[in-house]
Amino acid sequence: MTPAFEKLQKHLKQLPGLGYRSSERIALHLLVEKPVQLAALVNALQEAAGAVRRCVRCGNIAEAELCAICADERRDQSVVCVVEHVPDLVAIERSGAYRGVYHVLHGKLSPMHGVGPEDLNVSALERRLDDGTVSELILALSNDVEGEATCHYLTERLTAGRAVKVTRIGFGIPSGGGVLYADSVTLKSALDARRNYL
Ligand SMILES: [Zn+2]
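A quick note: this is a predicted structure, and the numbers were derived from the prediction, not measured.

Analysis parameters
Residues numbered from 1 in each chain as written. Predicted model: local features only at pLDDT ≥ 70, side-chain atom pairs only at ≥ 80, totals over all residues. Heavy atoms only, no water. Helix = DSSP H or I, 4+ residues; strand = E, 2+ residues; numbered from the N terminus. Buried < 20%, exposed > 50% of the residue type's maximum accessible area, 1.4 Å probe, protein only. Contact = heavy atoms within 4.5 Å. Lys, Arg positive; Asp, Glu negative; His and termini not counted. Charge placed at Lys NZ, Arg CZ, Asp CG, Glu CD. Donors = N, O, S within 2.8 Å, 3.2 Å for Na, K, Ca; no water. Tetrahedral: all angles 85-135°; square planar, octahedral: opposite > 155°, others 65-115°. Pairing = 2+ DSSP bridges. Axes fitted to C-alpha atoms, helices over the stretch in contact; angles between N-to-C directions. Core = buried A, V, L, I, M, F, W, Y, C linked by side-chain atoms within 4.5 Å. Phe/Tyr/Trp six-rings, centres within 6.5 Å; stacked < 30°, edge-to-face > 60°. Salt bridge = Lys/Arg side-chain N within 4 Å of Asp/Glu carboxyl O.

Chemist: Can you break down the overall build of the protein chain residue by residue, with the values?
Modeler: For the protein chain, the count of helices and strands is eight helices and seven strands. Once the C-alpha set of the protein chain is aligned to its principal axes, its extents read approximately 60 × 35 × 35 Å. In the protein chain, which comprises 198 residues, the proportion classed as buried is 40%. Pairs at least 24 residues apart make up 53% of the contacts formed inside the protein chain by residues separated by at least 6 positions. Charge separation in the protein chain, taken as the distance between the mean sites of 23 positive and 24 negative side-chain charges, equals 3 Å.

Pasting the structure below:
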């Protein structure tokens, strides 16, 4: 292999879900087998990097200040479903069972991996609660020790002195699993069967 090839492969390997073999295959594909696709990919990356950002309110991906969900007046802005990552939000949207809005934490508390509250999108959630429009927070975090610890932390930090109801989905979500891996029917029953969390 050549130095430039190896450099590209090294960067590809750092992407989620790509190991040594798949990054090698992609690098070969782009540089040698289908170089015509490379220019289009570089363009798309540059365009997306310039256009896509975090919604200032909820942390979902957006191309304006607010994402399409926050900007949609038909959504119930008084119910906020808190998720770890954008794909969790997408999974819940796909279930069609939810008409409220979201808040994306971009992770969960994990002392083992050095993730503390300051690394999560919590301050923005706190600000959302301050204007009094939010009446319920639905915690749709994973069903594991870190997800549970994050739920506890959020509840303690966010409910003090505020009249906000906190619920947690759980029914039907496999232990140790998350929203992303649940099918639409399971997600709908998980949302319907949410229980008070305090
Ligand atoms: Zn948003």
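Chemist: Any chance you could break down the coordination of the zinc ion for me, citing the residues and the numbers?
Modeler: Taken together, the protein donors to the zinc ion comprise Cys55 (SG), Cys58 (SG), Cys67 (SG) and Cys70 (SG), at separations of 2.3 to 2.4 Å. Considering all four donor atoms around the zinc ion, the spread of angles at the metal, 105 to 118 degrees, places the coordination shape in the tetrahedral class. For Cys67, a relative accessible area of 1% corresponds to the buried category.

Chemist: Which residues make up the sheet that holds strand β4 (residues 100-104), and what values do they have?
Modeler: One open sheet holds the five strands; their spatial order is β4-β3-β5-β6-β7, and the pairing between them is mixed. A strand with exactly one partner marks an edge of an open sheet, and here the two such strands are β4 and β7 (195-196). By the bridge criterion, four bridges tie strand β5 (residues 136-139) to strand β6 (residues 165-168) in an arrangement that is parallel. Paired with Leu139 across the strands is Arg168, a residue of β6. In the packing of helix α6 (residues 123-130) onto the sheet, the strands contacted are β3 (76-83), β4 and β5, and the crossing angle to β4 comes to about 145 degrees.

Chemist: Which residues make up the nonpolar core, and what values do they have?
Modeler: Judged by nonpolar contacts, the single largest core of 43 residues is most densely connected at Val82, Ile92 and Leu137. Of all the secondary structure elements, the ones that give two or more residues to this core are α4 (68-71), β3, α5 (86-95), β4, α6, β5, α7 (145-159) and α8 (184-192). It is β3 that contributes the most residues to this core, five residues altogether. Each residue touching Ile92, except ones within four places of it in the same chain, is listed here: Cys81, Val83, Ala97, Tyr98, Tyr102, Ala140, Val179, Leu187 and Leu191.

Chemist: Report on unusual backbone geometry, specifying residues and quantitative values.
Modeler: The phi dihedral of His106 falls on the positive side, at around 65 degrees, and the residue is not glycine. Inspection of the secondary structure assignment puts His106 in the loop between β4 and α6.

Chemist: Which residues make up the environment of Met112, and what values do they have?
Modeler: Inspection of the secondary structure puts Met112 in the loop between β4 and α6. Judged by relative accessible area, which is 75%, Met112 ranks as exposed. Between the C-alpha atom of Met112 and that of Glu146, which follows or precedes it by 34 residues, the distance is 9.7 Å.

Chemist: Run through α5, naming residues and quoting values.
Modeler: Buried residues of α5: Val86, Asp88, Leu89, Ala91, Ile92 and Ser95, and no others. Once α5 ends, the next one or two residues include Gly96, with phi positive near 70 degrees.

Chemist: Provide a residue-level description of the packing of aromatic side chains, including the pertinent values.
Modeler: Tallying each qualifying case throughout the model produces one aromatic pair. Taking the centre distance of 5.1 Å and the plane angle of 65 degrees together, the rings of Tyr98 and Tyr102 count as edge-to-face. Assigned by exposure class, Tyr98 and Tyr102 land together as buried.

Chemist: Outline the pattern of salt bridges, listing residues and values.
Modeler: Inspection of the entire model under this criterion finds ten salt bridges. Between Asp144 and Lys108 there is a salt bridge whose closest N-O contact spans 2.7 Å. Within this pair, whereas Asp144 is found in the loop between β5 and α7, its partner Lys108 is found in the loop between β4 and α6, the two being separated by 36 residues in sequence. Taking relative accessible area as the criterion, Lys108 reaches 18% and is therefore assigned buried. Here Arg157 and Glu126 are joined by a salt bridge, their closest N and O atoms 2.9 Å apart. Note that Arg157 is positioned in helix α7 and Glu126 in helix α6, a separation of 31 residues in sequence. Bridged by salt links that share partners, the residues Lys108, Asp144 and Glu146 form one connected network.

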